[in-house]
Amino acid sequence: MENITVIGSGTMGNGIAHLFAQHGYKVALADISQPALDKAIQTITANFDRQIKKGTADENTKQQALANITTFTDVKSAVANADLVIEAATENSDIKLKLFKDLSEWCKSETVLASNTSSISITKIASVTNNPGNVIGMHFMNPVPLMKLVEVIRGYATTDEVTNRIMDLSEKLGKTPVEVNDYPGFVANRILMPMINEAIYTLYEGVAGVYEIDTVMKLGMAHPMGPLHLADFIGLDVCLAILNVLHDGFGNPKYAPCPLLVNMVTAGHKGIKSGEGFYQYTAGSKDLVVAPKFARG
């Protein structure tokens, strides 16, 4: 696999493009919005600058990687010569199904179609394509250039050959791939999201405050980031979408999203991306300040 197309230039998409380009692959980065693509290149450049300061990359690596990325607002053109397409669009089932149906028509028959979905069924996605055996999940973790894990999800029809190729490719990228089967939430989010949801319920029921809940989990359980801070980092809308997939998929009330989470997303408080979630975020500041809604005193 030499030619890689990444669809979606948001946080995950630009991180995936960064990773492949840094490892010498030609990357077509596609998005329907040119301003979003421009922002993605700025983000990739800034992230390389951070790597250079830390001594994990040099200026030559940065320039070569940036030269490996070509941006497209026409997705059909971006995937025409792709050996692998990685979809990193919004975590919305209807959007993904429409996109994969189109990709099946636009791509070469042998092109591997991968989704970076964090919870949506690979089998369902594959069902709208002409070749379900070539469809697989590649669930990267954020931030993509730094996090070692790739959750490789086999749909019901995914072939052994495609699975092995993606496992090998992930290792070439310096990642640790873990093969899992296609059930709601896979492994990472099936375990993580109920924990986050329980932390939100703990706040909702008045057991403790935002800072206190996160401190208990950081100091008591050795988590690098508290669950409420992590929820903000992931995006509260994404957390809600994944919990809904788990709840719908299993029909088990233990996966029902906390009403507080539902209200926060409805009100537009989605975490870091909106500037406020359980904490309040100010551009240029690294201070972690509890959102006024949850401040005590």
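Source: prediction; values computed, not measured.

Moving on, we get to the side chain of threonine 111. Note that threonine 111 resides in the loop between α5 (93-106) and β5 (112-115). A polar contact of 2.9 Å, which involves the side chain of threonine 111, links it to the backbone oxygen of alanine 82. Setting aside chain neighbours within four positions, we find threonine 111 in contact with Ala82, Asp83, Leu84, Val85 and Asn134.

All right, on to the domain arrangement of the protein then. By the assigned domains, the protein splits into domain 1 (3-181) and domain 2 (190-292). Centre-to-centre separation of domain 1 and domain 2, based on C-alpha positions: 26 Å. Counting each side, the surface lost to burial between domain 1 and domain 2 is near 390 Å², with a carbon and sulfur contribution of 69%. Summed over the three residues of domain 1 that lose the most area to domain 2, namely Glu91, Ser119 and Asn142, the buried surface amounts to 73% of that side. The interface formed by domain 1 and domain 2 contains zero salt bridges. Counting across the domain 1 and domain 2 interface gives zero residue pairs in polar contact (both at pLDDT 80 or more). Among the residues making up the side of domain 1 that touches domain 2, the classes are represented as two nonpolar, three polar and one charged.

Once that is clear, we can look at the UniProt feature "domain: 3-hydroxyacyl-CoA dehydrogenase C-terminal" (unreviewed entry) in the protein. UniProt records the feature "domain: 3-hydroxyacyl-CoA dehydrogenase C-terminal" (unreviewed entry) for residues 185-281 in the present numbering. Helix makes up 62% of residues 185-281 and strand 2%. Its end C-alpha atoms lie 28 Å apart.

Enumeration over the complete set of coordinates arrives at nine salt bridges. In this structure, aspartate 160 engages arginine 154 in a salt bridge whose closest nitrogen and oxygen atoms are separated by 2.7 Å. Across the pair lysine 273 and aspartate 237 runs a salt bridge whose closest N-O atoms are separated by 3.0 Å. With a gap of 36 residues between them, lysine 273 in the loop between α12 (259-266) and β9 (279-280) and aspartate 237 in helix α11 (residues 236-250) connect regions that are remote in the sequence. For lysine 273, a relative accessible area of 52% puts it in the exposed group.

Procedures and definitions
Residues numbered from 1 in each chain as written. Predicted model: local features only at pLDDT ≥ 70, side-chain atom pairs only at ≥ 80, totals over all residues. Heavy atoms only, no water. Helix = DSSP H or I, 4+ residues; strand = E, 2+ residues; numbered from the N terminus. Polar contact = N/O pair within 3.5 Å; in protein donor to acceptor, adjacent residues only side chain to side chain. Contact = heavy atoms within 4.5 Å. Domains from an automatic or database assignment. Buried area = accessible area lost by both parts, 1.4 Å probe. Salt bridge = Lys/Arg side-chain N within 4 Å of Asp/Glu carboxyl O. Nonpolar A, V, L, I, M, F, W, Y, C, P; charged D, E, K, R; others polar. UniProt positions renumbered as here; feature names shortened; annotations may be inferred. Buried < 20%, exposed > 50% of the residue type's maximum accessible area, 1.4 Å probe, protein only.

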